Each structure stands twice: as structure tokens, then as C-alpha cells.
Amino acid sequence: MIINITIFKSLILILLLLISNVHANCNKAKNSNSIVVAGGSITEIIYFLNLQNKLVGVDVTSNYPLNAKKLPSIGYIRNLSIEGLLSLKPNLILAEESIGPPIIVKQLNKTSVEFRIIKNNYTIDGINEKFLCISKILDIEIKNNINYKKFVNNVKKLKSFVKNNNKEKKDILLILMMKGTSPIIAGKNTSGHGFIKMIGQNNSMGKISGWKPVSSEQILIANPNYIIVTKRALKDFTSIEKFLKLPGISSTKAAKNKNVFIKDGMSLLGYGPRTINVAKEILINIKD
């Protein structure tokens, strides 16, 4: 029995080490002079801290600020190649958890290049944790950084708005994109669900899990007070009025009262600095 317990403890230790190698810690990197980033929020934070001179390549979700789009592209975060990443000769690769395909993580862990995955926690504090983790990896003291101070102030304001909001909680439908005529909505366990909770409101599709297409009947039953929709979802519509005439959506309280927020997908769901600003803006404009 003692041997079995010892073996069990050893297996647990090995498992923890493997996990730590994949979801790497926030310890200082050995060399961060040339960084490749896979994940728009990480790129945004690096620019926010005025460290963009370290970047040698980014993925296509790194579309903010606009200058980031001028950097060499490594492709889409979920479909990267080891050749494309290493061709830019980085000292450090920083990635969001959605990096893929799965084999890329194994391949990167076998190279001599430092590789860190920055965890996404879909909360207000989760964004700050991302800031702190990146600053530790890059060995930057950010407490006195002017931009970071502004960010912390915005976090405090948002938390205060949420805490002191005496309005009745509203049911919100968040639409990411369209699949034909069916909206792809945010169910629980999504960044969209986290955003709705971040502003202290109810997800009208909270009984659904993941990003899922829904029928007009499901939307009508949910009958949200507000709709948050990405610009991506509206790209095939000539106007917001056309979108609001979709079956199901047209009969909701949100459509009838024109309670719709149209937002850039990355600013809304990227969980970078702009997400706090978007959350604050939406919360302020929710009416009784």
C-alpha cells in the first residue's frame, strides 16, 4: 500500500509538471527581446504598456491597434504552424489558451524557444491578472505605468458601477456571428457569458452551453431586454434595421425598443484593456 501511495504521489507530481509546462507560469522570461504573439488581447496589452518594440510577429486576431497589423503575420491563432512561428526567430512566444492545432503546443515545448500560455479568466479581475502575468514575464514594473494606472482606475469605476447599480437586472442576448439565418449566441462557459456577468446582468441564453446557433423560437422565448451584437455578425446586413427584422429577433423587447449595442468583437470579447471600457459604456447605457 505504501508503494502504491508513493507511485500515486509521483504520478500527481509528473502531471502537475506537465500542466505547468503547457499553461506556463508568469516567471520572468530568460530573453524577451523578440516576441511572437498568438492572441489579440496579449498584443493589445503589450502596446498598452508601450513595449511594442519587442514584437516581431503577431496572429491575425491582433488587429488593434492598427499598427499591429503591419507586423509579420503568423496566421490564425487556432491554425498555426511551427515553421511560421520559428521563421521569425523569436526568443519568446506568448499565446492565449485557444492556440492550435493541439500538436503545436507539443511541438513548441520541444524547441529551445520559451513558450508561455496566458490564461483567460472571463472576469474583471481576470483581465488585470493577465496584465500582471505579462508584466512579470517581460520583467516590467507596471504599478507606476501611466496607462496601467488608467486601466486600474477604469476597473475600479466598473466595479463601482456594478456594485451600486440599483436597476433591475436585464436579460441580454449576445450574438457573435451568423450561420445562415441563425445567430450564433453566447451560452454559459463562453467569453460572452463572462462579459454579461461582468456587467452584472443576466444571460438570456444561460441554459445553453457554449457558442451555439439558435432558432427564432428560442430567441423569442428568451425575449431579451437588450442585444449585444458584434460588427462581424452585421457584415451581411445593409443596416441594423434589417438585422432587427430577423424572425424571432423582431418580436423581442430589445428589437421593439431598439436596445442594441454594436461592438467590435475583439474589444468586446478579447479581455484586454478595451473590454473594461466597453463593459462600462454598455452598463451606463442600460435603462430601467
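Right, let's walk through the structure included here.

On to the overall build of the protein chain, then. Along the protein chain, the regular secondary structure elements total 12 helices and 10 strands. Along the longest, intermediate and shortest principal axes, the C-alpha atoms of the protein chain span 60 × 55 × 40 Å. Going through the 288 residues of the protein chain one by one, you find that 48% of them count as buried. For the protein chain, the proportion of contacts with a sequence separation of at least 24, taken over those separated by at least 6, is 60%. When the accessible surface of the protein chain is summed, it comes to about 15200 Å², and 55% of that surface belongs to carbon and sulfur atoms. Positive and negative side-chain charges in the protein chain, numbering 41 and 18 respectively, have mean positions lying 1 Å apart.

What follows covers the packing of aromatic side chains. For any pair of aromatic rings, the description consists of the separation of the ring centres together with the inter-plane angle of the planes. Taken as a whole and judged by the stated rule, the model has 7 aromatic pairs. Between Tyr122 and Tyr271, the ring centres sit 4.9 Å apart and the planes meet at 55 degrees, which makes this aromatic pair tilted. One end of the pair, Tyr122, is in the loop between strand 4 (114-118) and helix 5 (124-137); the other, Tyr271, is in the loop between helix 11 (265-269) and helix 12 (273-285), and 149 residues separate them in sequence. With a relative accessible area of 34%, Tyr122 lands in the partly exposed category. Judged by relative accessible area, Tyr271 falls into the buried class, the value being 0%. Ring centres of Phe131 and Phe151 lie 4.3 Å apart, and the angle between their planes is 35 degrees; this geometry places the pair in the tilted category. In this pair, Phe131 sits in helix 5 while Phe151 sits in helix 6 (residues 146-163), placing the two residues 20 residues apart along the sequence. For the pair Phe131 and Phe151, a shared accessibility class is recorded, and that class is buried. One aromatic cluster is present, formed by Phe48, Phe131, Tyr148 and Phe151 through successive ring pairs.

Going through the model one piece at a time under the given rule, you end up with 1 disulfide. Paired by a disulfide, Cys26 and Cys133 hold their sulfur atoms 2.1 Å apart. Between Cys26 and Cys133, the S-S torsion sits near -95 degrees, and that sign places the bridge as left-handed. Of this pair, Cys26 sits in the loop between helix 1 (2-22) and strand 1 (35-38) while Cys133 sits in helix 5, placing them 107 residues apart in sequence. We classify Cys26 as partly exposed; its relative accessible area is 28%.

Looking now at helix 2 (residues 40-48). Of all the 9 residues making up helix 2, 8 are buried; the element is thus mostly covered by neighbouring parts of the structure. Among the residues of helix 2, Gly40, Ser41, Ile42, Thr43, Glu44, Ile45, Ile46 and Tyr47 are the ones counted as buried. Looking one or two residues past helix 2, Asn50 carries a phi angle of roughly 60 degrees, positive in sign.

Further remarks concern the pattern of salt bridges. Pairing of side chains with opposite charge becomes possible as their charged atoms draw close. Across all of its chains, the model carries 7 salt bridges by this definition. Across the pair Asp125 and Lys159 runs a salt bridge whose closest N-O atoms are separated by 2.6 Å. In this pair, Asp125 is assigned in helix 5 and Lys159 in helix 6, connecting sequence segments 34 residues apart. Classification of Asp125 as partly exposed rests on a relative accessible area of 39%. Taking relative accessible area as the criterion, Lys159 reaches 38% and is therefore assigned partly exposed. Note that Asp264 and Arg274 form a salt bridge whose closest N and O atoms lie 3.6 Å from each other. Of this pair, Asp264 sits in the loop between strand 10 (260-263) and helix 11 while Arg274 is found in helix 12, placing the two residues 10 residues apart along the sequence. A residue is classified by how much of its surface remains accessible, and Arg274, at 15% relative accessible area, is buried. By sharing partners, the salt bridges in this structure join Glu44, Asp264 and Arg274 into a single network.

Across 2 bridges, the pairing between strand 5 (residues 171-179) and strand 7 (residues 202-203) is parallel. What sits directly across from Asp171, in strand 7, is Asn202. Sheet topology note: the strand 5/strand 9 (residues 226-230) ladder contains 4 bridges and is parallel. Paired with Leu174 across the strands is Ile228, a residue of strand 9. Hairpin connection of strand 5 to strand 6 (residues 182-186): 2 residues between the antiparallel strands, including Gly180 at a positive phi of 70 degrees.

What counts and how
- Residues numbered from 1 in each chain as written.
- Predicted model: local features only at pLDDT ≥ 70, side-chain atom pairs only at ≥ 80, totals over all residues.
- Heavy atoms only, no water.
- Helix = DSSP H or I, 4+ residues; strand = E, 2+ residues; numbered from the N terminus.
- Buried < 20%, exposed > 50% of the residue type's maximum accessible area, 1.4 Å probe, protein only.
- Contact = heavy atoms within 4.5 Å.
- Areas by Shrake-Rupley, 256 points an atom, 1.4 Å probe, with all protein chains shown as cover.
- Lys, Arg positive; Asp, Glu negative; His and termini not counted.
- Charge placed at Lys NZ, Arg CZ, Asp CG, Glu CD.
- Phe/Tyr/Trp six-rings, centres within 6.5 Å; stacked < 30°, edge-to-face > 60°.
- Disulfide = S-S within 2.5 Å.
- Salt bridge = Lys/Arg side-chain N within 4 Å of Asp/Glu carboxyl O.
- Pairing = 2+ DSSP bridges.

Nothing here speaks to function; it is all geometry.
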